[in-house]
Amino acid sequence: AQFSGIGLTLMLITGFALVFMKYDGFTGLPAMFWVKMLFVTTLTFASLCRKHGLETVDLVVIDTEGHDWEILRHIDLESFRPRLVIYEHFHLSPGDSADCKAHLQRHGYEVMEEGFDTWCLSTRSGGGLLAVWDELEPVDPPFSADRNPA
């Protein structure tokens, strides 16, 4: 039997990572054998952008299994002003989900929930993109861990 499918989820703000390993050949292993907590050096969004010389960001995608609001609240949306922000609302509490949406709307984003994700377009994005956005409708209703479908 071998370990395979190793994935790594980094939490930029909180300073830890979880490594999930799938064990081929035996599915009955207790969680302590397939989840390992590691302490890692973390970066803020701003320091990550500085490190790579980014002055503008067009797209931010966050999918951190329930920690999306914690990361999004620390991004300076006025300085970086991503055109599109996509985050997974599925694992957020109803309160965090509402706070996240309100935060983006306060910063001038149109918000649309679809399936597990929330799509947010900056109203400063310009004519053509906003015109297309206005024509969009979600294909799937929003889902969340607390309320399926939302």
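Anything mentioned here points back to the structure above.
For the structure given in this document, a descriptive report is provided here.

Criteria and cut-off values
- Residues numbered from 1 in each chain as written.
- Predicted model: local features only at pLDDT ≥ 70, side-chain atom pairs only at ≥ 80, totals over all residues.
- Heavy atoms only, no water.
- Helix = DSSP H or I, 4+ residues; strand = E, 2+ residues; numbered from the N terminus.
- Buried < 20%, exposed > 50% of the residue type's maximum accessible area, 1.4 Å probe, protein only.
- Areas by Shrake-Rupley, 256 points an atom, 1.4 Å probe, with all protein chains shown as cover.
- Pairing = 2+ DSSP bridges.
- Salt bridge = Lys/Arg side-chain N within 4 Å of Asp/Glu carboxyl O.
- Expected span 1.5 Å × (residues − 1).
- Arc of directions from axis to C-beta.
- Contact = heavy atoms within 4.5 Å.
- Phe/Tyr/Trp six-rings, centres within 6.5 Å; stacked < 30°, edge-to-face > 60°.

What follows covers the overall build of the protein chain. When helices and strands are tallied, the protein chain shows 5 helices and 7 strands. When the 150 residues of the protein chain are sorted by exposure, 31% land in the buried category. For the protein chain, the exposed area adds up to about 9200 Å²; of that, 57% sits on carbon and sulfur atoms.

Where burial is concerned, most of strand β5 (residues 84-88) is hidden: 4 out of the 5 residues are buried. Both strand β4 (residues 59-62) and β5 contribute to a ladder of 4 bridges, which runs parallel. Within the sheet, the bridge partner assigned to Val-61 lies in β5 and is Ile-86. For β5 and strand β7 (residues 117-122), the ladder comprises 5 bridges, and the chain directions are antiparallel. In the sheet register, Glu-88 faces β7, and the bridge partner there is Asp-117.

For the structure shown, the criterion picks out 3 salt bridges. Residue Glu-70 pairs with Arg-73 through a salt bridge whose shortest N-O separation is 3.8 Å. Here Glu-78 and Arg-124 are joined by a salt bridge, their closest N and O atoms 3.2 Å apart. You can see Glu-78 sitting in helix α3 (residues 77-80) and its partner Arg-124 sitting in the loop between β7 and α5 (127-135), a full 46 residues away along the chain.

This part is about helix α4 (residues 94-106). Side chains of residues three or four places apart in an α-helix project in the same direction, reflecting 3.6 residues per turn. Taking 1.5 Å per residue as the helical rise, α4 with its 13 residues ought to reach 18 Å, and the 18 Å between its terminal C-alpha atoms agrees with that figure. Listing the buried residues of α4 in full gives Ser-97, Cys-100, His-103 and Leu-104. The buried residues of α4 all sit within an arc of 130° when viewed along its axis, so they share a single face. Tucked into the core, α4 has its buried residues touching α2 (68-72), α3, β5, β6 (109-114) and β7.

By the element assignment, Glu-88 lies in strand β5. Once residues within four sequence positions are removed from consideration, Glu-88 is found in contact with Ile-62, Asp-63, Glu-65, Asp-68, Phe-116 and Asp-117.

A few words on the packing of aromatic side chains. Tallying each qualifying case throughout the model produces 2 aromatic pairs. Here Phe-45 and Phe-80 contribute two aromatic rings whose centre-to-centre distance is 5.2 Å and whose plane-to-plane angle is 85°, an arrangement assigned as edge-to-face. You can see Phe-45 sitting in helix α1 (residues 45-51) and its partner Phe-80 sitting in helix α3, a full 35 residues away along the chain. Here the two residues Phe-45 and Phe-80 agree in accessibility, since each one is buried. Taking the centre distance of 4.6 Å and the plane angle of 80° together, the rings of Phe-90 and Phe-116 count as edge-to-face. Taken together, the residues Phe-90 in the loop between β5 and α4 and Phe-116 in the loop between β6 and β7 connect sequence positions 26 residues apart. Look at Phe-90 and you get buried, because its relative accessible area is 16%.

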